[in-house]
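What follows is each chain in one-letter form.
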Amino acid sequence: MGEPSAKWNLLQLAFVAVYPACLSSIRMVDGMALLALYVFLFILCIPPMFIQHKLGGYEQKGIVGLFSRYLPIAKGVGVALLIDLFLTCVYFAPLVCHFGMYAVISMIQEPYLWEGCSNAWNTDKCVENLPVTVHSQNEGVYYNRLSGQTSDVARQTPEKEFFNLQYLQITDKISDIRGFPVWNNTAPFQDIGFSVLPVGLTVVWLVVFLIVAFGGRVCGWILFVMCPGFLGTLFAVLVYGYMNLDKAASNQFLGRFYNLNFDGFVDIRTNRKLITDWEKGFSLLMNSFPVWTAIPATLGKMTGRGKVSRNLGWLLIILVYACIVQVPQLAMAPYLGNLLDKTSSSLPESTFLGSTVDICIKVVFQAMPAAFSILNIPKEYAMLFFLSLFLSGVMFLSVGMLTIVDNICDSLFSRSSRLSSHKIVVNFVISFVMIVLALGAGFIHMTQAGMYYTVLMDQSVLRLRFITVALLAFSIIIVYVRNRFAVAEKVLLSIWCILAAIGATGFWLYSFIITKNIPISYAGHQVSDLWELISWLLAGVPYIAIPAAAIHSCMLHEGDCSERSRYLLCGGDEDDDDEEEPRNYDGYFPTEPTAPPYSYMDPGGQHYSHSLYPVDDLHKATYDPEMEPLNSDVRTSRI
């Protein structure tokens, strides 16, 4: 069971654990929402992360392998999690591509390509340096820069027009695809003659393929090297902002942004903002820390079966997330604060409302470019900002695809000994197939209507997440209880996990109720009722795997109806497999004998050689007495 040694050490795990940073950078929360995030991180994330990470390390299996062994009827839950993760990677990869393309665009010319209203793609609605007008909703020019809206909704900002009209060349409806945008009006791209967006998406997935294709060990080392690159570029942007921009404006922004207002606790019933803040904190946590997914079990598997790694790895992941979740916001704070100060505007509540993609566009592709141009930031730091998002995005895609590929390979190896002897080749082929599927599904997101599909998938994947959490919690607790851990630990963590699952399910259900009637839209254009129906169908796709996998498990097991029912609910007769493969106290297999067939004995005096180095079937003609140990008490041959 498992690998001879751990593929990742704890230091590698700590570096790999920064992969959710890209998800937290595109969703900003302030004040009480941030407090709610850390409260929920402790209450709702510790038990599921501990259980999944420990099971993955102890059993050396992914989420599908765990359910296949102990609860085959729930194997479909693991498959559903993989499908959900695959769909997330499909629609997130185009955003990663946009990060990379903006890093290139920011270096092309000076001033920035998106700056000004005198470009060929600008319309007469584009207005620079809009005057500050205080309205009843406190909407100022920063709101214009951030969301492209003012008191006069017909006006547009240069950053928004560049992103929609030149970069995306967005159409008016989701069905009007037209093709890939070609940047003929942009000087550096005029001579190319074809769209570079699908090429950029191909490069993204090619990089992910090269990271994942050679297995978990190679993937771990590559991500270990990428992490300092991500942190280095982000901290370079952070240091420049705090050192060269107005510190008073930066501190004022941080003071307003991280203001904790406890007045809402006095009368919660009349204070909707408190509920909204806590819902935003929960939303950021669940969207940026994939604890209720298939990833934690795979991370546990990669760090090995040793007691230290499986008992401390989960804590390391949570601590790294707690430290890294606000670094992107802190890096953006001096730029946004000085933008607010220079335009004498305030931060609108709409900054933090909407889907993940909507907030990403407002903050990353409109507010930050506006800050770079208005504050005259050197283009090198704009490039580093987008490059940091690109690197962290590639890390997330790599971890996600590694989880999917590893679970598929484990399922194949468990059914074919021939395939298990060619693990590298199988991993390479499965990685190639999954990358090709993801790339093919992502090409439509690079068309002129692509952003509609990105928003559609973003909202579809999250619609029924409360069902996933409930099913995963119920299944993983059963698997955990059936393992050989301390009784007190199993009771305490199981109860805590049940309460955490109830809380997480309740918040996801609340989010579902308040958003289910909100139409899917982008740039003021709503999708039709047909596409709303498609969104619901897409949300239900992962759950088709649950009954399908249960039926598949039932058909694979031989026996009558009662035996198959027992197998679906209790798993196979594999509970004692780990006793047949002894390990030392570090969780590794014994070393090879110096002169076979010497036998190994445990401290209690029981022989293990019958399973490790069988010799009972040797023919008399091949028997060599000199190969037996001198002590006849430990001889294993009966010849």
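One can find the structure itself at the top, above this paragraph.
From a predicted model like this one, the values you see are computed outputs, not experimental measurements.

Caption draft 1: Region of the structure containing the packing of aromatic side chains. Per the counting criterion, the structure on display carries 41 aromatic pairs. Note on Tyr102 and Phe162: the rings are 6.1 Å apart at their centroids and 70 degrees apart in plane angle, and the pair reads as edge-to-face. In this pair, Tyr102 sits in helix 5 (residues 75-105) while Phe162 sits in helix 7 (residues 158-167), placing the two residues 60 residues apart along the sequence. Note on Tyr102: relative accessible area 0%, which makes it buried.

Caption draft 2: Looking closely at the side chain of Gln329. Looking at the secondary structure, you find Gln329 in helix 14 (residues 327-343). Gln329 gets classed as buried once you look at its relative accessible area, which sits at 1%. Each residue touching Gln329, except ones within four places of it in the same chain, is listed here: Ser24, Arg27, Met28 and Tyr258.

Caption draft 3: Highlighting helix 10 (residues 247-257). Among all positions in helix 10, only Ala249, Ser250, Phe253, Leu254 and Phe257 are buried. Angularly, the buried residues of helix 10 cover 135 degrees about the axis, an arc narrow enough to put them on a single face. The opening residue of helix 10, the one whose side-chain oxygen lies 3.2 Å from the backbone nitrogen of Ala248, is Asp246.

Caption draft 4: Spatial organisation of unusual backbone geometry. With a phi angle near 70 degrees, Arg178 is a residue other than glycine that sits in the positive phi range. Tracing the backbone shows Arg178 in the loop between helix 7 and helix 8 (197-212). We note that Asn376 has phi near 55 degrees; this positive angle belongs to a residue other than glycine. Within the element layout of this structure, Asn376 appears in the loop between helix 15 (356-374) and helix 16 (379-415).

Caption draft 5: Inspection of helix 12 (residues 295-302) at higher detail. Burial within helix 12 is extensive, with 8 of its 8 residues counted as buried. Within helix 12, burial applies to Ile295, Pro296, Ala297, Thr298, Leu299, Gly300, Lys301 and Met302. The inward-facing, buried residues of helix 12 contact helix 3 (32-59), helix 4 (63-70), helix 5, helix 9 (216-244), helix 13 (307-324) and helix 16. Remark: Gly304 follows helix 12 within two positions and exhibits a positive phi of approximately 95 degrees.

Caption draft 6: Just the state of the cysteines, in detail. Within the structure shown, the criterion is met by 1 disulfide. Covalently, Cys117 is tied to Cys126 through a disulfide, its sulfur atoms 1.9 Å apart. The sign of the S-S torsion, about -65 degrees, decides the handedness of the disulfide formed by Cys117 and Cys126: left-handed. With a relative accessible area of 19%, Cys117 lands in the buried category.

Caption draft 7: Spatial organisation of the pattern of salt bridges. Under the definition given, this model contains 8 salt bridges. Here Arg69 ties to Glu59 by a salt bridge, and the two come within 2.5 Å at their closest N and O atoms. Placement of Arg69 in helix 4 and of Glu59 in helix 3 is noted, with a sequence separation of 10 residues between them. For the pair formed by Arg69 and Glu59, the shared burial category is buried. For Glu532, the salt bridge is made with Arg463, and the minimal N-O distance between the two is 3.5 Å. Taken as a pair, Glu532 in helix 22 (residues 529-556) and Arg463 in helix 19 (residues 450-463) lie far apart in primary sequence, 69 residues in all. In terms of burial, Glu532 and Arg463 fall into one category: buried.

Conventions used here
Residues numbered from 1 in each chain as written. Predicted model: local features only at pLDDT ≥ 70, side-chain atom pairs only at ≥ 80, totals over all residues. Heavy atoms only, no water. Phe/Tyr/Trp six-rings, centres within 6.5 Å; stacked < 30°, edge-to-face > 60°. Helix = DSSP H or I, 4+ residues; strand = E, 2+ residues; numbered from the N terminus. Buried < 20%, exposed > 50% of the residue type's maximum accessible area, 1.4 Å probe, protein only. Contact = heavy atoms within 4.5 Å. Arc of directions from axis to C-beta. Polar contact = N/O pair within 3.5 Å; in protein donor to acceptor, adjacent residues only side chain to side chain. Disulfide = S-S within 2.5 Å. Salt bridge = Lys/Arg side-chain N within 4 Å of Asp/Glu carboxyl O.

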